[in-house]
Amino acid sequence: MKERLIVLTDIVRGLETDDIESMVRLMLYSNVIDVEGLIAATSCFCKNKGKEKNKKLIIDVINAYEQVKVNLDKHEEGYPDSAYLRSITTCGISKYGKEEGNGWGEEWMNDNPGVNLIIDAADKEDDRPLWVALWGGANTLAHAVWKVWKTRSEEAFNKFISKLRIYGISDQDNGGIWLRKQFGNKLFYIASPSPGDWKGGKFYCHATWPGIAADKVAHGSENGIDGGGFKGADYSLVGKKWLKKHIRSHGPLGKKYPNLFVIMEGDTPTYLYLIPNGLGSPEHPNYGSWGGRYEFYKPDPEYTGTEEKYPFWTNASDKVLGNNGEWYNSPQATIWRWREAFQNDFAARMDWTITDKYSEANHPPIVKLNHENELTVTEGEYVNLSAEGTYDPDGDELTYSWIYYREAGTYASNITIDNVNGIKAGFTAPAVSGDSEEYKIHIILEVKDNGEPVLTRYQRVIVTVLRK
């Protein structure tokens, strides 16, 4: 099932150049995500944007996509027509979202095309949820919710808001903060919260999303490099040289990818989260994916600068072995642990844009399990795992790894997996101790090909271990 997506972006040249970068990558995944809206918006860094000239930056990327779509179609099905993408590109509220009644919650905003695009999408007869990715401010979304709140019955409003799934790149205005305080008991919201003005940037060091590329800037982890940044990840995969070789040199779409300004693609985790690669489960942020891992609680305002009224999905930490042989435990690690895989995937899709010959590019393996994704056993029972049926469409050789993802489950100790690099593997279910009646154990089957670049896909096995 494809996930539905609307993007709110404070896209400009200069300070928010990374939004253009994220838009280029999004085009490459528009066949596996149903993109239903691309809305130019404002933020605390771009207070008077969200206008036609900003919308034009999105259209420019779509026009470049149009030139390469014929090649993309040779490699995977489902890429949308460029005319459709242009038709769902519009402007949000071109005013900074300061507070209700000043940036949203103003009657004159009711006819804003971005506001009504969100409402119309949520009102569709479609059982799938509607993801709204906040690359900038949330005030256009906040007003869409405000308008429905003020004009519909409580039952109709609850139906509307239940369709929304929000993933915010911190708080770049006060619209998201208002949404969480006003409706947080009804909303599905993922965010690394912060004060909704430019001063909130000092809290980004505690956020999850900088794990995509903020190794060397102040957005990075507080327990990393002095003065900002973090260690452990391979920065060469997100630096200028790599991007020039694999992305910016690749045809019309690559030419639209700007050179780095601050960091690469700070907003991209919002849809990396939705890519159906076998790893993520969008309704379960605590499972972890290319877009990070999150847990449901009220965060400490010392680390966020905001007092939250309700719990929501926010920063969690993974303990990950860095490329320098040392262990790191941080929210950023929940993203950078997958960096090689998602960057290679990006590079491969850019290769697709410059050739119409399937044989001249690499394609990801098709990963299968020879059993269900969810298994139930009792303590002490042996759990058999099998990747039989997995294959590569290019005929490449495959390597297998069975990874125990401790943080995603409820069992806190280590597990030894037998034949950890085999097509078949297994482990003995641990004893259930203390007051627990069961454990949830997450095992990730990671399969890589030996193509150029190396591509990775996954399957997740959730094992419920019951007490005897």
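Structural data are supplied above this passage.
Here the residue numbering is sequential within each chain, running from 1 through the sequence in written order. This being a predicted model, a pLDDT of at least 70 is required before a residue's local features are given, and a value of 80 or more before pairs of side-chain atoms are given or counted; all residues contribute to the totals for chains, interfaces and linings. Heavy atoms from the whole structure form the basis of all side-chain values; hydrogens and water molecules are not counted.

Peer 1: Sorry, what's going on with the nonpolar core here?
Peer 2: Looking at soluble globular proteins, one finds that nonpolar side chains tend to be buried together. By nonpolar core we mean a set of buried residues, namely Ala, Val, Leu, Ile, Met, Phe, Trp, Tyr and Cys, connected to one another through side-chain atoms within 4.5 Å. The cut-offs for exposure are 20% and 50% of the maximum accessible area for each residue type, with area from a 1.4 Å probe on protein chains only; residues under the lower value are buried, those over the upper are exposed, and the others partly exposed. Counting 79 residues, the largest nonpolar core has Leu 5, Leu 26, Met 27, Leu 38, Leu 253 and Trp 290 as the members making the most contacts within it. Those residues in contact with Leu 26 that sit more than four places away from it in its chain are Leu 5, Val 7, Val 35, Leu 38, Trp 135 and Tyr 271. Ala 41, Val 145, Phe 160 and Phe 183 belong to the second-largest nonpolar core, a separate cluster that totals 35 residues. In this analysis, two residues are considered to be in contact whenever any of their non-hydrogen atoms come within 4.5 Å of each other.

Peer 1: Mind showing me how you'd approach empty space enclosed by the protein here?
Peer 2: It is a probe the size of a water molecule, rolled over the atoms, that shows where empty space is left. Definitions used for this entry: grid spacing 1 Å over protein atoms alone; cavity, a set of points where a 1.4 Å probe fits but cannot get out; pocket, an open set with protein on both sides within 12 Å along at least 5 of 7 lines; lining residue, one with an atom within 4 Å of a point. Grid points are joined across faces, edges and corners, and a volume is the space filled by probe spheres set on the points. Taken as a whole and judged by the stated rule, the model has 3 cavities of 30 Å³ or more. Reported here for the largest cavity is a volume of approximately 50 Å³. Lining the largest cavity are Arg 180, Gly 184, Leu 187, Tyr 189, Glu 308, Lys 309, Tyr 310, Pro 311 and Phe 312. When residues are grouped by polarity, Ala, Val, Leu, Ile, Met, Phe, Trp, Tyr, Cys and Pro land in nonpolar, Asp, Glu, Lys and Arg in charged, and all others, Gly among them, in polar. Tallied by class, residues from the lining of the largest cavity come to 5 nonpolar, 1 polar and 3 charged.

Peer 1: Whenever I open this one, the sheet that holds strand 17 (residues 438-449) confuses me. Can you help?
Peer 2: By definition, the strands of a sheet pair up through backbone hydrogen bonds, in either a parallel or an antiparallel sense. DSSP-based pairing: two strands are paired if at least 2 bridges between them are found. Each helix is a run of DSSP H or I of at least 4 residues and each strand a run of E of at least 2, with the numbering of both proceeding from the N terminus. On the basis of which strands lie adjacent, the open sheet formed by 4 strands has the order 13-18-17-15 and mixed pairing. Only two strands of the sheet have a single partner each, and these edge strands are strand 13 (374-378) and strand 15 (398-404). For this sheet the average axis-to-axis angle between neighbouring strands, irrespective of direction, equals 25 degrees. Alignment of strand 17 against strand 18 (residues 456-466), held across 11 bridges, turns out to be antiparallel. Following the sheet pairing, His 442 is matched in strand 18 by Ile 462. Simply put, an axis is a line fit to the C-alpha atoms, just over the touching stretch for a helix, and the angle between two N-to-C directions goes from 0 to 180 degrees.

Peer 1: Even after reading the chapter, I still don't get the packing of helix 8 (residues 240-248) against helix 13 (residues 339-352), so can you show me in this structure?
Peer 2: Two numbers describe a pair of packed helices, the interaxial angle and the distance between the axes. It is at 9 Å that the axes of helix 8 and helix 13 come closest, and there the two elements cross at 35 degrees. Contacts between helix 8 and helix 13 involve Trp 242, His 246 and Ile 247 on the former and, on the latter, Gln 343, Phe 346, Ala 347 and Met 350. When grouped by side-chain class, the residues that make up the contact of helix 8 with helix 13 number 5 nonpolar, 2 polar and no charged.

Peer 1: What's the story with the packing of aromatic side chains in this structure? I'm lost.
Peer 2: Pairs of aromatic rings are described using the distance from one ring centre to the other and the angle between the two planes. Aromatic rings from Phe, Tyr and Trp, taking only the six-membered ring of Trp, are treated as a pair when their centres fall within 6.5 Å; an angle between ring planes under 30 degrees marks them as stacked, one over 60 as edge-to-face, and anything in between as tilted. Evaluated as defined, the whole model comprises 22 aromatic pairs. The interplanar angle of 65 degrees and the centroid separation of 6.3 Å between the aromatic rings of Trp 290 and Phe 342 together place this pair among those described as edge-to-face. You can see Trp 290 sitting in the loop between helix 10 (269-272) and strand 9 (294-297) and its partner Phe 342 sitting in helix 13, a full 52 residues away along the chain. One exposure class covers both Trp 290 and Phe 342, and it is buried. Where Tyr 411 meets Tyr 439, the ring centres are 4.8 Å apart and the plane angle is 55 degrees; that geometry is what we call tilted. Residue Tyr 411 is located in the loop between strand 15 and strand 16 (424-428), and its partner Tyr 439 is located in strand 17; the two are separated by 28 residues in the primary sequence. For Tyr 411, a relative accessible area of 13% corresponds to the buried category. We classify Tyr 439 as buried; its relative accessible area is 8%. Three or more aromatic residues joined by ring pairs make a cluster, and in this case those are Trp 131, Tyr 167, Phe 188, Tyr 273, Tyr 294, Phe 296 and Trp 313. A cation sits over an aromatic face here: Lys 319 above Trp 327, 5.6 Å from the ring centre. Both a distance and an angle decide whether a charge sits over a ring: NZ of Lys or CZ of Arg must be within 6 Å of the ring centre and within 35 degrees of the ring normal.

Peer 1: I'm lost on the side chain of Glu 446 in this one. Help?
Peer 2: The topology assignment puts Glu 446 in strand 17. The contacts of Glu 446, once residues within four sequence positions are left out, are Trp 338, Thr 399, Tyr 400, Ser 401, Ile 403, Thr 456, Arg 457 and Tyr 458.

Peer 1: Help me out: how do you make sense of the pairing of strand 13 in this one?
Peer 2: Consecutive residues of a regular strand have side chains that alternate between opposite faces of the sheet. Of the two faces of strand 13, the one lined by Leu 375 and Val 377 is fully buried and the one lined by Glu 374, Thr 376 and Thr 378 carries no buried residue. One ladder, built from 5 bridges, connects strand 13 with strand 18; its direction is parallel. Pairing of Thr 378 across the sheet is with Leu 466, part of strand 18.

Peer 1: What is the right way to read the state of the cysteines from this model?
Peer 2: A covalent bond between the sulfur atoms of two cysteines is what we call a disulfide. Cysteine sulfur atoms are paired as a disulfide whenever they fall within 2.5 Å. The full count for this structure, using the stated rule, is 0 disulfides. For the unlinked cysteine Cys 46, the closest cysteine sulfur is that of Cys 44, found at 8.4 Å. For Cys 91, which is in no disulfide, the shortest distance to another cysteine sulfur is to Cys 46 and amounts to 14 Å. The exposure class of Cys 91 is buried, given its relative accessible area of 10%.

Peer 1: Got a minute to help me understand the pattern of salt bridges in this structure?
Peer 2: It is possible for side chains of opposite charge to pair when their charged atoms get near one another. Any carboxyl oxygen of Asp or Glu within 4 Å of a side-chain nitrogen of Lys or Arg constitutes a salt bridge here. Taken as a whole and judged by the stated rule, the model has 28 salt bridges. We note a salt bridge from Arg 349 to Asp 345, for which the minimum N-O separation is 3.7 Å. With Arg 349 and Asp 345 both in helix 13, this residue pair falls 4 residues apart, about one helical turn. The residues Arg 349 and Asp 345 share a single accessibility class, namely buried. Of the charged contacts, one joins Glu 388 and Lys 424 as a salt bridge, the two residues approaching to 3.7 Å between their closest N and O atoms. Of the two residues, Glu 388 sits in the loop between strand 14 (382-386) and strand 15 while Lys 424 sits in strand 16, which places them 36 residues apart along the sequence. Taken together, the shared-partner salt bridges in this structure form one network comprising Lys 2, Arg 4, Asp 34, Glu 36, Lys 124, Asp 126 and Arg 128.

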